[in-house]
Each structure stands twice: as structure tokens, then as C-alpha cells.
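Chain by chain, the residues:
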Amino acid sequence: MKAWILDEPGSGVRLQEVADPRLRSGGAILRMLAVQVPGYTRALTEGTRGGIATPTVLGIGGIGRVEAVAEDVHTVRPGDIALCTGFLSTGRIAHPEEVLLGWTGIGGRGVQTPATDAMRAVWRTGTFAERALMPGSTLVALPGADEYGDFDRLAFLPWLTVAASAVEKSELAPGGRVAVIGGSGRMGGAAVLLALARGAGSVAAVGRNTAALDRLAALDPRVQPVRSVGNRRADAEAIVAALGGEADVTLDALGPTPTADLTMAGFDALGLDGAMVLLGGVQQDLPIVYNEVMRRRITLRGSWMAASETAYAVWRQISSGVLDLRGVDVVPATLDDPATVLDRAEQTSGLSFVALRP
Ligand SMILES: NC(=O)c1ccc[n+]([C@@H]2O[C@H](COP(=O)([O-])OP(=O)(O)OC[C@H]3O[C@@H](n4cnc5c(N)ncnc54)[C@H](OP(=O)(O)O)[C@@H]3O)[C@@H](O)[C@H]2O)c1
């Protein structure tokens, strides 16, 4: 089969003909149908976004058709359309450890341990390939997906699921005011869609790319675009003005930024008893004042990846029409030319993403 191989960070991604994966205990083989290529994939392969176990077939997430299932796997059945989460846990209740397969990412404190090394050694597998062997526990069957049919758009399910988990953690109530910092990005756009589906009363989509913000605003009259001017106080005031009051919830979905100012504008915009959930890729320290968290009774939470149950809940929202993906644009691509596809993924912005059709 054809697959994208990463020999080591910085070596570049190669298209290679490799042996088809062979079924083994605990696993299932999928024919990949559509896989999102995140905008920062090239940066990740260069090693600037954390360690990655190599050599590996690259790629996380994706929608596939299950071709074969080991006799001890029951999460999926042959013929199912399923989501590959790539999110593998030891399942040890006392001290769970989590890794991402075919990608960077170790959960918790992000530290390699014998358990995380073993998981990434046994399951050295990714989804930027015609076929993938995945642990059964990382697969979520999507009943009805054949009828839905739009596998390209379904490739956005991993991002939607991460965003949904953050929205769940925020305990957003119907009618609530939500600020999405980085609303102009893909994760931010996903967070806007999930907040709307959960009944947000108003959503401030905050970012620099006005075209992306305006597109979101055109999807639903509850969305207000807020163009960041790069000044913490002015940005916070603009968010509060756009929402018609202080935010109940701030979701931060920014990529790496040179300062924490925009994140902190989202913090400043929160009202009494507000909740802030961090789900982006910001690499800065946050200057948070103890007294402000205490007096405003603010909840600050992090959100990394998501439970399979959340992925299934998002699929139910999509299949029932509560979550409409027609506002999400797909740029289709094939495995043939990795460098061009990575360029395109980097250049694609807003609620648009590159979907590989392996
Ligand atoms: N929590 C999790 O489990 C999880 C899972 C997957 C990804 N992530 C994280 O999510 C982050 C966002 O991913 P994505 O796919 O949404 O990326 P993306 O589409 O590239 O969006 C990046 C966002 O960050 C903003 N941004 C970037 N540089 C900025 C700067 N210097 N100043 C102000 N804003 C800036 C962009 O604003 P403009 O476009 O308006 O410039 C855009 O809103 C990633 O960094 C990743 O680490 C987290």
C-alpha cells in the first residue's frame, strides 16, 4: 500500500510503498477514506511540536471502513465506517497514561515512560496511508455514516470532538455568552460550531483573519466577529461589547502566539462565575492574578483530546442535523505528493481543511 513515512523529525515526509498491515490481537484494519491533514503537520514533522516515535507511518484521526477485526476486538465490526481517534490509553485506572499514535503527544505531564514507549512501539501506526492497523480501543463505529456519505467532511470529526470536549468542560448553558479566542482557526471554528449546537446565546469569534471570522458570522446570527487589534485591554473590551455583556465561557483555541495577550483578553472578558477552557497550542505562561480568580470565582480548565463517547455524541449531532457541517470547506488531496499537500494544509485557513483521500 501507499503510505506517508516519517523516518525521523526533520527528515521530511516520503510517499512510500510499504507492506499492508497485518491483523493482530487487539487490532482492526481499516481502509482509510478521508483524513484531515492539520495545518501544522509540517511543523510537527520538523520536531518543533514535541517528540514523535519514528520511523512511523504518519497521521492521526481519519474515517475508514473496517476491513478486518481481531477476534478479541468488539468496538467495530467488518464493514463499519469508523473514526480512528489515535488516542490510546493504558486504561490503568489508578494512573492512566495516554499517547497519540502516528503523531506527537503524550498526555498528562507529557513525559515518556516505559508504558508510553511500549504503547508507541507496539502500535507504530498512522492514518496517512491506504490502510491502517489500529488498536480496537481507539476506534469509534459511526452507525449511519454510509447514509450520511460525506466522508470528506466527516474527516473533521477529530477536531470537532476535541472542541466538544472543551465545550462540555465549560458547562456552557443554553443562552450563555461564549468567547472563542482563535475563532478564525480550525479548532476555534469547531468550537464555535459546537457552542452554537449546545445553544449558546451569543458567540464572539475572536481572531485576526477577518475573512474567516466573517464567514463564521454568516453561518449564524448569534456569531459576532471580533477582530483582534493585538492589545489586551482593547480586545477584552471588544469581546464584551460584541457579546452584549461579560462572557460566561471563554474557549481558547489559539495556535502558538508570541505573547499571552490574546488569551488573557479572553480571561479579562469573563464575568462572575465564568469558566475558561484552554485547548489550543499556546506555549506561553499566563499571568493570572490569584485575587481575580478568587473574587470572580473563575474556573480555569485544560482540555486535551477527548473520550470516544464524546466523538460518538458529536457524530449523533451531525447525523441528526443539530450540527451542520455545510459551513466547513474541504480541500481534497491524495497521497501522491506529500510536500504539496503539507503546503496546502499550511495555507488553508478558517473553517477549511485539507482532507486526504488515501
Ligand atoms: N487540546 C487538544 O487536544 C488539541 C488537539 C488538536 C490541536 N490542538 C491545538 O489547537 C491549536 C489550533 O489548531 P488549529 O488547527 O485551529 O490551527 P489553525 O487553524 O492554524 O488556527 C490557529 C489560530 O491561532 C491564531 N494565531 C496564530 N498565530 C497567532 C498570532 N501570532 N497572534 C494571534 N493569533 C494567532 C490564528 O489566527 P488568525 O488565523 O486569525 O491569524 C488562528 O485563529 C494547535 O496549535 C494545536 O496545538 C489541541
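Quick caveat: nothing in here was measured; it's all calculated off a predicted structure.

1. Some details on the overall build of the chain
Check the secondary structure of the chain and you find 12 helices and 18 strands. Here the chain has a C-alpha radius of gyration of 20 Å; the compact-globule value for 358 residues is 21 Å, and the two agree. Along the longest, intermediate and shortest principal axes, the C-alpha atoms of the chain span 55 × 45 × 40 Å. Scored against the burial criterion, the 358 residues of the chain give a buried share of 52%. Considering the chain, the positive charge centre built from 33 side chains and the negative charge centre built from 38 side chains are found 2 Å apart.

2. Observations concerning the site of the ligand
Within the structure, the ligand sits among 24 residues, and Arg49, Ser184, Met187, Asn209 and Met305 are positioned closest to it. Note that an oxygen atom of the ligand is positioned 2.7 Å from one of the side-chain N or O atoms of Arg49. Contact between the ligand and Met305: an oxygen atom at 2.6 Å from a main-chain N or O atom of the residue. A breakdown of the residues in the shell around the ligand according to their chemical character gives 11 nonpolar, 10 polar and three charged.

3. So, the pattern of salt bridges
This model, assessed by the stated rule, comprises 15 salt bridges. Where Arg131 meets Glu67, a salt bridge forms, and the shortest distance between an N and an O atom there is 2.7 Å. You can see Arg131 sitting in strand β9 (residues 131-135) and its partner Glu67 sitting in strand β5 (residues 63-69), a full 64 residues away along the chain. Residue classification places Glu67 among the partly exposed residues on the basis of a relative accessible area of 38%. Of the charged contacts, one joins Asp324 and Arg326 as a salt bridge, the two residues approaching to 2.7 Å between their closest N and O atoms. Among the charged side chains, a network of salt bridges with common partners joins Asp20, Glu67 and Arg131.

4. Here we look at the domain arrangement of the chain
When its domains are assigned, the chain resolves into domain 1 (2-155 + 328-356) and domain 2 (160-302). Taking the mean C-alpha position of each, domain 1 and domain 2 sit 28 Å from one another. Facing the 12 residues of domain 1 at the interface are 13 residues of domain 2. Summed over both partners, the interface of domain 1 with domain 2 comes to about 850 Å²; 49% of that surface belongs to carbon and sulfur atoms. Looking only at domain 1, the three residues that lose the most surface to domain 2 are Arg49, Gly350 and Leu351, adding up to 55% of its buried area. Inspection of the region where domain 1 meets domain 2 yields one salt bridge.

5. Looking at helix α6 (residues 186-197)
It helps to recall that an α-helix has 3.6 residues per turn; residues three or four apart then point in one direction. Taking 1.5 Å of rise per residue, the 12 residues of α6 would be expected to cover 16 Å, and the 16 Å separating its terminal C-alpha atoms lies within 8% of that figure. Judged by how many residues are buried, α6 sits mostly within the fold: 11 of 12 residues are covered. Gly199 sits one or two residues past α6 and shows a positive phi near 100°.

6. What to know about the pairing of strand β13 (residues 223-227)
Note: strand β12 (residues 202-207) against β13, five bridges, orientation parallel. Residue Gly207 lies in a different strand from β13, and its bridge partner there is Arg227. Chirality of the crossover, the property in question, places the unit of β12, helix α7 (residues 210-219) and β13 among those that are right-handed.

7. What about the sheet that holds β13?
Pairing is parallel across the open sheet formed by six strands, whose spatial order is β13-β12-β11-β14-β15-β16. A single partner strand is all that each edge strand has here, and the edge strands are β13 and β16 (299-302). Across the sheet, the mean angle separating the axes of adjacent strands is 20° when strand polarity is ignored. Of the strand pairs in this sheet, strand β11 (residues 177-181) and β12 are connected by five bridges, and their pairing is parallel. Bridge assignment links Ala179 to a residue of β12, and that residue is Ala204. Helix α8 (residues 232-243) rests against β11, β12, β13 and β14 (247-252) of the sheet, and its axis sits at about 150° to β12.

Cut-offs and rules
Residues numbered from 1 in each chain as written. Predicted model: local features only at pLDDT ≥ 70, side-chain atom pairs only at ≥ 80, totals over all residues. Heavy atoms only, no water. Helix = DSSP H or I, 4+ residues; strand = E, 2+ residues; numbered from the N terminus. Rg over C-alpha atoms; globule rule 2.2 N^0.38 Å. Buried < 20%, exposed > 50% of the residue type's maximum accessible area, 1.4 Å probe, protein only. Lys, Arg positive; Asp, Glu negative; His and termini not counted. Charge placed at Lys NZ, Arg CZ, Asp CG, Glu CD. Near = heavy atom within 4 Å. Polar contact = N/O pair within 3.5 Å; in protein donor to acceptor, adjacent residues only side chain to side chain. Nonpolar A, V, L, I, M, F, W, Y, C, P; charged D, E, K, R; others polar. Salt bridge = Lys/Arg side-chain N within 4 Å of Asp/Glu carboxyl O. Domains from an automatic or database assignment. Contact = heavy atoms within 4.5 Å. Buried area = accessible area lost by both parts, 1.4 Å probe. Expected span 1.5 Å × (residues − 1). Pairing = 2+ DSSP bridges. Right-handed = clockwise from strand over helix to strand, strands pointing away. Axes fitted to C-alpha atoms, helices over the stretch in contact; angles between N-to-C directions.

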